[in-house]
Amino acid sequence: MSKSLQAIRGMNDILPEQTPLWRYFEGTVARLLDNYGYKQIRMPIVEFTELFKRSIGEVTDIVEKEMYTFEDRNGDSLTLRPEGTAACVRAVLEHGITGGGQVQKLWYIGPMFRHERPQKGRYRQFHQIGLEVFNLDGPDIDAELIIMTWRLWGELGIRDAVKLELNSLGTSESRGHYREALVEYLSAHHDKLDEDSQRRLKTNPLRVLDTKNADTQAVLVDAPKMADYLDDESRAHFEGLKARLDAVGIPYVLNPKLVRGLDYYSKTVFEWVTDKLGAQGTVCAGGRYDGLVEQMGGKPTPGVGFAMGIERLVLMLETLEQIPQEIARQVDVYLCAFGEEAELAGLALAERVRDELPNLRLQVNAGAGSFKSQFKKADKSGALYALILGDDEMAQQVVGFKPLRGQGEQQSIAWDALAAHLATCVVQG
Ligand code: ATP
Ligand code: MG
């Protein structure tokens, strides 16, 4: 195929054989969030570039080198959203739904775009389910977010393969004091830092903490620790969070180097990480961002949220073989009809059955074909039963009912009794 007719590098088609697992994952998350009282919000995938610069921060990887930015026909600079929080904050402000301290518990799902180096678990178009809560400032809600994800891992059967890492970044004031101490320390060891860290020391010094460079990591061993700079309020908040996780029995590891890539975090930050996916180990990440709404022009509004990467979690389900059996089968019953008269009767019969059993996955053969070829298709569809309408059946106003997966002989069922019969033998999803 010519180059122009290929998908863009790092942007994937999700093929029909993969979508059942995606839908199972997305459905499981959506049900769980419903049950905890979260409401879905849907934002555009394109926003003014300025929105991301102001919220994510000019000196972050995303804004510096990962955004898909272009000019539209009006000459406005637009950007494909690299994450969801900025647009969500823009939306709640624009519609005034967090005004007067109104609590909002929101979630969203959709594609995000970052110009990164594509590899397993890292793509240029990827998908997130994200969640944001506004106007609740206590550790109880931070805990709820983590408890929900813990339940999700349990329902998906991947709980043993993920680990919770926690840190507190304090208020912006205490973080400021810490930043000063860190800069002073790192400046004294400037020559031992890798080039990237030397640059970050000037632009975004906290990011030096999550360097992958071994020499810089060695320097960091004796660096000042954020925990020693936490103000009383942040300390109490963090203790409150840990007490709640302890109460529910959720294990965690404190990771003082966890700073997250974005500028806007404060107090709680967390990541769920796994060692099952190679280098792309973070499946869900989030934290508190009490200053963000104000920074974006709103009234001071506490906020906390997270986002999970759907590709990575689907990959986890595949890697750990946690794929529920029932999602593999797409068809319950396959109807074969031979001859034009049978085809017409079959169509009408299928619709009658659907009226009575709206959840039945009933596939009607299309494209006619011999007995042998229709039967082959019925078998290949994965259906549990074939329904057969030929001359004999038409004459007697019955349908042949044939189990395709072992178990039992073919029987004849009267048309009027078909729906009731199917109801007894097909467990409807
Ligand atoms: P990473 O450190 O892996 O680059 P990040 O800190 O940039 O992640 P966030 O912005 O916190 O990621 O996004 C939340 C989640 O979205 C990540 O934990 C990950 O599961 C997923 N994610 C982020 N970037 C990508 C990507 N390029 N491809 C696939 N999933 C991604
Ligand atoms: Mg990243």
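This structure is a prediction, so every number in the text was calculated from the model and none was measured. (Residues numbered from 1 in each chain as written. Chains lettered and ligands numbered in written order. Predicted model: local features only at pLDDT ≥ 70, side-chain atom pairs only at ≥ 80, totals over all residues. Heavy atoms only, no water.)

### Quick notes on the side chain of Lys-242
Reasoning step 1: Inspection of the secondary structure assignment puts Lys-242 in helix H9 (residues 232-248).
Reasoning step 2: Setting aside residues no more than four positions away along its own chain, Lys-242 makes contact with Leu-166, Tyr-252 and Leu-254. (Helix = DSSP H or I, 4+ residues; strand = E, 2+ residues; numbered from the N terminus. Contact = heavy atoms within 4.5 Å.)

### Section: the environment of Val-398
Reasoning step 1: When you line up the elements, Val-398 lands in strand S15 (residues 398-403).
Reasoning step 2: Separated by 17 residues in sequence, Val-398 and Trp-415 have C-alpha atoms that sit 5.3 Å apart.
Reasoning step 3: Setting aside its immediate chain neighbours within four residues, Val-398 contacts Leu-389, Glu-393, Ser-412, Ile-413, Ala-414 and Trp-415.

### Some words on the nonpolar core
Reasoning step 1: Within the largest apolar cluster, 46 residues are counted, with the highest numbers of intra-cluster contacts made by Phe-25, Trp-153, Trp-272 and Met-308.
Reasoning step 2: Sorting elements by how many residues they give to this core places helix H5 (residues 139-156) first, with nine residues.
Reasoning step 3: Excluding its chain neighbours within four sequence positions, the residues that come into contact with Trp-153 are Ile-158, Arg-159, Val-162, Trp-272, Val-283, Cys-284, Met-308 and Leu-313.
Reasoning step 4: Residues Ile-56, Met-112, Leu-209 and Tyr-265 belong to the second largest nonpolar core, which totals 44 residues. (Core = buried A, V, L, I, M, F, W, Y, C linked by side-chain atoms within 4.5 Å. Buried < 20%, exposed > 50% of the residue type's maximum accessible area, 1.4 Å probe, protein only.)

### So, the site of ligand 1
Reasoning step 1: Residues in close proximity to ligand 1 total 15 residues, the closest being Arg-114, Glu-116, Arg-122, Arg-260 and Thr-282.
Reasoning step 2: Arg-114 places a side-chain nitrogen or oxygen 2.7 Å from an oxygen atom of ligand 1.
Reasoning step 3: Contact between ligand 1 and Gly-309: an oxygen atom at 3.3 Å from a main-chain N or O atom of the residue.
Reasoning step 4: Those elements giving two or more residues to the shell around ligand 1 turn out to be strand S6 (125-134), strand S10 (282-288) and strand S11 (303-309).
Reasoning step 5: If you tally residues by element for the shell around ligand 1, the top one is S10, at four residues. (Near = heavy atom within 4 Å. Polar contact = N/O pair within 3.5 Å; in protein donor to acceptor, adjacent residues only side chain to side chain.)

### Section: unusual backbone geometry
Reasoning step 1: Even without being a glycine, Lys-267 presents a positive backbone phi close to 50 degrees.
Reasoning step 2: Here Lys-267 lies in strand S9 (residues 266-274).

### Quick word on the packing of aromatic side chains
Reasoning step 1: Taken as a whole and judged by the stated rule, the model has eight aromatic pairs.
Reasoning step 2: Judged by centre distance (6.3 Å) and plane angle (65 degrees), the rings of Phe-134 and Tyr-289 are edge-to-face. Pair noted here: Phe-134 is in strand S6 and Tyr-289 is in the loop between S10 and helix H10 (292-295), with a separation of 155 residues, a long-range link. For the pair formed by Phe-134 and Tyr-289, the shared burial category is buried.
Reasoning step 3: Ring centres 5.1 Å apart and planes at 20 degrees place the aromatic pair Phe-371 and Phe-375 in the stacked group. Placement of both Phe-371 and Phe-375 in helix H14 (residues 371-380) is noted, with a separation of four residues, approximately one turn of the helix.
Reasoning step 4: A residue is classified by how much of its surface remains accessible, and Phe-375, at 16% relative accessible area, is buried.
Reasoning step 5: Sitting over the ring of Trp-150, Arg-159 keeps its end group 4.0 Å from the ring centre. (Phe/Tyr/Trp six-rings, centres within 6.5 Å; stacked < 30°, edge-to-face > 60°. Lys NZ or Arg CZ within 6 Å of the ring centre and 35° of its normal.)

### Regarding helix H7 (residues 195-203)
Reasoning step 1: Along H7, the residues that are buried comprise Ser-197, Arg-200 and Leu-201. Buried residues of H7 fall within an arc of 110 degrees about the axis and therefore sit on the same side. Residues of H7 that are exposed and point more than 90 degrees away from the buried face comprise Glu-195 and Lys-202.
Reasoning step 2: Of the surrounding secondary structure, the elements contacted by the buried residues of H7 are helix H3 (61-66), helix H6 (172-188) and helix H8 (214-220).
Reasoning step 3: Its side-chain oxygen at 3.3 Å from the backbone nitrogen of Asp-196, Asp-194 defines the N-terminal cap of H7. (Arc of directions from axis to C-beta.)

### A look at the state of the cysteines
Reasoning step 1: Applying the stated criterion to the full structure yields zero disulfides.
Reasoning step 2: Cysteine Cys-88 remains unbridged, with the sulfur of Cys-284 as its closest cysteine sulfur at 15 Å.
Reasoning step 3: Among the residues examined, Cys-88 registers a relative accessible area of 0% and is labelled buried. (Disulfide = S-S within 2.5 Å.)

### Concerning the sheet that holds strand S7 (residues 162-168)
Reasoning step 1: Here eight strands make up an open sheet; going across it, the order is S1-S5-S6-S11-S10-S9-S7-S8 and the pairing mixed. Looking along the sheet, the strands with just one partner apiece sit at the ends: strand S1 (39-40) and strand S8 (253-254).
Reasoning step 2: Bridging between S7 and S9 involves seven bridges; their strand directions are antiparallel. Paired with Asn-167 across the two strands is Val-269, which belongs to S9.
Reasoning step 3: H5 contacts strand S5 (104-113), S6, S7, S9, S10 and S11 of the sheet and is inclined by roughly 20 degrees relative to S11.
Reasoning step 4: Here H9 sits on the sheet in contact with S7, S8, S9 and S10, set at roughly 160 degrees to S7. (Pairing = 2+ DSSP bridges. Axes fitted to C-alpha atoms, helices over the stretch in contact; angles between N-to-C directions.)

### Side note on the sheet that holds strand S3 (residues 68-71)
Reasoning step 1: With antiparallel pairing, three strands are arranged side by side in an open sheet as S2-S4-S3. Edge positions in the sheet fall to strand S2 (46-48) and S3, since each has one partner strand and no second. When strand polarity is set aside, the average angle formed by the axes of neighbouring strands in this sheet is 35 degrees.
Reasoning step 2: Judged from the four bridges that link them, S3 and strand S4 (residues 77-80) form a sheet pairing that is antiparallel. Bridge pairing links Phe-70 to Leu-78 in S4.
Reasoning step 3: Across the sheet, helix H2 (residues 49-56) is in contact with S2, S3 and S4; its angle to S2 comes to roughly 75 degrees.

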